[in-house]
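Now for the letters of each chain:
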Amino acid sequence: MTRRAIGAVRGAVPGYAVLLALLVAGTVLAHREGLAWLRLCGAALSLLALWRLVWHARARLTASGALLRVGAALGEARAVPWHHIRLITVDASGSEALLRDGERLRLPAPRGHLAQGPGAFEAAVARLRAAIPEAESGAPALSTPPAGAWTGRRLLMRWAVVLVAVAVAAGWSLRSDHPWDAPWWPGSATVASVPDPCAVAEESLAGLDVVRGGLPAAEQPTVTEAEEFRSVRCELAHDEARFTLVYRLHPWRGSAEAAPADAAGESFGWTPYAGGGLDVEGTTWRREDTPGGIELSHRRSNVVITVARQSWAPDGQPADAVAEASLLAADALSALDG
């Protein structure tokens, strides 16, 4: 017995399968990066793609001999004898069969949708008309009103509505999640990690014969993990002073938290200081003078850099203290940018 598929769209199932895989991958990525609205948008679009995949895979109309088999996306397919059907009305918004007992049965095809152009719709109508056994008594009538046709204009309008809806949802999600503040966004100024402060300081102060001070050398740099930041600290010393270099990183924690640069700026703004600013190779650093030392600090995006030089001399800072602290500050910033 020959079966004739009516309205099946070639490539729709694999096409929606690929789309679903991409949407699921995007949703998982959004979840991992803490993008709440993009995750919600991706999940909603994934469900829609899954529904269309299931619909195209199961909701099929097949004519075979004396039966019309009507598939359903959910539930079991029905096999309806032709002589039980009184009228088939074709409409792009959804065709239906009127049975002789008064029941109205929705048909999966012919139907206008995004994956089917006007030519394919008309071909489905022609296949349905050819499948009806007109020679038999009790054969159903086929109604194809002009208003129910699937035209190029209706297809374009349907695509326009879908694209605008997706664009609005994606735009709102992007604006709400501000992923451009994440370090992986192209061109983002947000820093994902900081250099080893000990390696930076040892290279910068190599001419001063410094060694790692404070804790044993193997235990430096020291790392402090806080709720809002991650601090990496190293101390070096020579016979006259102790040098300290600290990188305080405010990491990206997802769209539910403040932007990393804003968090770092708020923290940096509350740091007490009284010494004003110091120009270090064209960059202004905050300066704080103490009886025996000098502290320089600067914020670059979501990282606060602090450089301190504490003199062992009882009579205060030597003349070259500012120059040595400035050298370490410039190299620390250069290492972060590099």
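Here the residue index of a chain counts from 1 through its sequence in written order. A pLDDT threshold of at least 70 governs which residues receive local features in this predicted model, and a stricter bar of 80 or more applies before side-chain atom pairs are shown or counted, although totals over entire chains, interfaces and linings include all residues. Hydrogens and water are ignored here; the side-chain numbers use all heavy atoms of the structure.

Asks: What exactly am I supposed to notice about the overall build of the protein here?
Replies: By definition, any uninterrupted DSSP run of H or I lasting at least four residues is a helix, any uninterrupted run of E lasting at least two residues is a strand, and each is numbered from the N terminus. Secondary structure summary: the protein contains seven helices and 16 strands in total. As a reference, a globule follows 2.2 Å times the number of residues to the power 0.38, and the radius of gyration itself is taken over C-alpha atoms. Taking 338 residues into account, the globule formula puts the C-alpha radius of gyration at 20 Å, and the protein, at 35 Å, lies well above it. When its C-alpha atoms are laid out on the principal axes, the protein stretches across 115 × 35 × 30 Å. Note on classification: 1.4 Å probe, protein chains only; a residue is buried when its accessible area is under 20% of the maximum for its type, exposed when over 50%, partly exposed between these limits. The buried share among the 338 residues of the protein stands at 39%. Computed with a 1.4 Å probe, the accessible areas rest on the Shrake-Rupley method; for each residue, only the protein chains presented here act as cover. Counting only carbon and sulfur atoms, one obtains 58% of the accessible surface of the protein, whose full area is about 18,200 Å².

Asks: What exactly am I supposed to notice about helix 5 (residues 197–204) here?
Replies: Residues separated by three or four positions in an α-helix point in the same direction, a consequence of the helix having 3.6 residues per turn. Taken as a whole, helix 5 has its buried residues at P197, C198, V200, A201 and S204. The buried residues of helix 5 occupy an angular sector of 160 degrees when projected down its axis, which confines them to one face. In what follows, residue pairs with any heavy atoms lying within 4.5 Å of each other are defined as contacts. Those residues of helix 5 hidden inside the fold are in contact with strand 9 (211–212), strand 11 (230–237), strand 12 (241–249) and helix 7 (321–337). In the analysis that follows, any N or O atom pair within 3.5 Å is treated as a polar contact, provided that within protein one partner can donate a hydrogen and the other can accept it, and provided that, for residues neighboring in sequence, both atoms belong to side chains. One side-chain oxygen at the N-terminal end of helix 5 lies 2.9 Å from the backbone nitrogen of C198; it belongs to D196. The directions from the helix axis to the C-beta atoms form the arc being described.

Asks: Would you mind going over the pattern of salt bridges with me for this structure?
Replies: A pair can form between side chains of opposite charge whenever their charged atoms are brought close. By salt bridge we mean one thing: a side-chain nitrogen of Lys or Arg within 4 Å of a carboxyl oxygen of Asp or Glu. Per the stated rule, a full pass over the model turns up eight salt bridges. The closest approach of N and O atoms between R287 and D289, which form a salt bridge, is 2.9 Å.

Asks: So what exactly am I meant to see when it comes to the sheet that holds strand 7 (residues 104–106) here?
Replies: Through backbone hydrogen bonds, the strands of a sheet pair up, either in parallel or in antiparallel fashion. When DSSP locates at least two bridges between a pair of strands, those strands are taken to pair. Taken together, four strands build an open sheet; the order of strands is 7-6-5-8 and the sheet is mixed. The strands lining the two open edges of the sheet, one partner per strand, are strand 7 and strand 8 (141–143). Direction aside, the axes of adjacent strands within the sheet are offset by 20 degrees on average. Bridging between strand 6 (residues 96–99) and strand 7 involves three bridges; their strand directions are antiparallel. Paired with L98 across the bridge in strand 7 is R104. Each axis is a line fitted through C-alpha atoms, taken for helices only over the stretch in contact, and angles between the N-to-C directions span 0 to 180 degrees.

Asks: How should the pairing of strand 6 be read in this particular structure?
Replies: Strand residues, when the strand is regular, have side chains that alternate between the two faces of the sheet. Covered by surrounding structure in strand 6 are E96 and L98 together with A97 and L99, the residues of both alternating faces. The turn linking strand 5 (residues 85–89) back onto strand 6 is made up of six residues, and G94 within it adopts a positive phi angle of 145 degrees. Connecting the antiparallel pair strand 6 and strand 7 is a turn made up of four residues, with G102 showing a positive phi of about 95 degrees.

Asks: Even after reading the chapter, I still don't get helix 3 (residues 118–131), so can you show me in this structure?
Replies: Its 14 residues give helix 3 an end-to-end C-alpha distance of 20 Å, which sits within 8% of 20 Å, the value for a rise of 1.5 Å per residue. When helix 3 is considered as a whole, its buried residues turn out to be F121, A124, V125, L128 and A131. Burial along helix 3 is one-sided: seen end-on, the buried residues are contained in an arc of 130 degrees. Set apart from the buried face of helix 3 by more than 90 degrees, the exposed residues are G119 and A130. Looking at the buried residues of helix 3, the elements they touch are strand 1 (3–6), strand 2 (61–64), strand 5 and strand 8. To estimate the expected span of a helix, subtract one from its residue number and multiply by 1.5 Å.

Asks: Can you walk me through the nonpolar core in this structure?
Replies: Here, the term nonpolar core denotes a set of buried Ala, Val, Leu, Ile, Met, Phe, Trp, Tyr and Cys residues that are joined through side-chain atoms within 4.5 Å. Among the nonpolar cores identified, the biggest contains 30 residues, and L245, Y247, W285, V303 and I305 are the most heavily contacted of them. If you list the elements that add at least two residues to this core, you get helix 5, strand 11, strand 12, strand 13 (277–280), strand 15 (293–300), strand 16 (303–311) and helix 7. With seven residues, helix 7 is the single largest residue contributor to this core. If we skip the residues at most four places from it in the chain, W285 touches G276, G277, L278, V280, L296, S297, H298, I305, V307, A329 and L333. In this structure, A97, L105, A109 and V125 belong to the second largest nonpolar core, which totals 24 residues.

Asks: Can you help me understand the state of the cysteines in this one?
Replies: Among covalent bonds in proteins, the disulfide is the one between the sulfur atoms of two cysteines. The criterion for a disulfide is a pair of cysteine sulfur atoms lying within 2.5 Å. Applying the stated rule across the entire model yields one disulfide. The disulfide bridge from C198 ends at C234, spanning 2.0 Å between sulfur atoms. Sign of the S-S torsion, about 105 degrees for the bond between C198 and C234, identifies this disulfide as right-handed. In this pair, C198 is assigned in helix 5 and C234 in strand 11, connecting sequence segments 36 residues apart. The burial state of C198 is the same as that of C234; both residues are buried.

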